[in-house]
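Now for the letters of each chain:
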Amino acid sequence: MSDPRHVVCPACGAINRLPAERLGSGNCGRCGGSLFPGQPLVLDESSFERHVGRNDLPVLVDFWAEWCGPCKMMAPTFDQLARDYSGRLVVAKLETERAPAVSARFGIRSIPTMILFSGGREVDRLSGALPAAQLTQWLAGHGIR
């Protein structure tokens, strides 16, 4: 296996080892589900640590709330990012009111807030509704193309 990467299964949370050349396709060794479903991963307080801390891929988390208009405006952009960056970036969403401990830990004071994680650590963050082109440019500035 050349340069294996750890990828956390979005369905069951199992940690899978994939060769770098297979990123973007593949199924979980435990549950058989797709490791790259092309849609944002929904996180909660119990799954946040595993997905952010154990993935070798960078993870972009959208901190949002159901009542937030700008958050809802960003939803199609996040859906598109999940499809476009499949195998290069894990795109995830965390509803702040259902995960208050995680939100407090990262000092979320305005939503939407997007935090980019790598190796389980925060790399950068943006707040506010952004056009897709600006978000793509921001990711490219962090080497994610």
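The text that follows walks through the structure, step by step, so that each part is easy to find. (Residues numbered from 1 in each chain as written. Predicted model: local features only at pLDDT ≥ 70, side-chain atom pairs only at ≥ 80, totals over all residues. Heavy atoms only, no water.)

1. Description of empty space enclosed by the protein
Within the structure shown, the criterion is met by 1 cavity of 30 Å³ or more. The volume enclosed by the largest cavity comes to roughly 190 Å³. Lining the largest cavity are 18 residues, and of these L35, P37, L89, V90 and V91 sit closest to its centre. The set of elements that each furnish at least two residues to the lining of the largest cavity consists of strand 1 (4–8) and strand 5 (90–95). Grouping the amino acids of the lining of the largest cavity by side-chain chemistry returns 12 nonpolar, 6 polar and no charged. (1 Å grid on protein atoms, 1.4 Å probe; cavity = no way out; pocket = protein on both sides within 12 Å on 5 of 7 lines; lining within 4 Å. Points joined across faces, edges and corners; volume = space filled by probe spheres on them. Helix = DSSP H or I, 4+ residues; strand = E, 2+ residues; numbered from the N terminus. Nonpolar A, V, L, I, M, F, W, Y, C, P; charged D, E, K, R; others polar.)

2. Brief notes about the packing of aromatic side chains
Inspection of every chain in the model, using the stated rule, returns 5 aromatic pairs. Here F106 and F117 contribute two aromatic rings whose centre-to-centre distance is 5.3 Å and whose plane-to-plane angle is 80°, an arrangement assigned as edge-to-face. Of the two residues, F106 is situated in the loop between helix 3 (100–105) and strand 6 (113–118) and F117 in strand 6; the sequence distance between them amounts to 11 residues. Judged on exposure class, the residue F106 and its partner F117 are both buried. The ring of W64 carries the charged tip of K93 above its face, separated from the ring centre by 5.1 Å. Over the ring of F78 we find K93, and its NZ or CZ is 5.3 Å from the ring centre. (Phe/Tyr/Trp six-rings, centres within 6.5 Å; stacked < 30°, edge-to-face > 60°. Buried < 20%, exposed > 50% of the residue type's maximum accessible area, 1.4 Å probe, protein only. Lys NZ or Arg CZ within 6 Å of the ring centre and 35° of its normal.)

3. Structural notes on the sheet that holds strand 4 (residues 59–64)
Reading across the sheet, the 5 strands line up as 3-5-4-6-7 and stay open at both edges, with mixed pairing between neighbours. The sheet is open, and its two edges are formed by strand 3 (41–43) and strand 7 (121–127), each paired on a single side. With direction set aside, neighbouring strand axes in the sheet form an average angle of 25°. As paired strands, strand 4 and strand 5 are joined by 6 bridges and run parallel to one another. What sits directly across from V59, in strand 5, is V90. On top of the sheet, helix 2 (residues 69–84) reaches strand 4, strand 5 and strand 6; it is set at about 155° to strand 5, its chief contact. (Pairing = 2+ DSSP bridges. Axes fitted to C-alpha atoms, helices over the stretch in contact; angles between N-to-C directions. Contact = heavy atoms within 4.5 Å.)

Remember that the coordinates give geometry; whether it matters functionally is a separate question.
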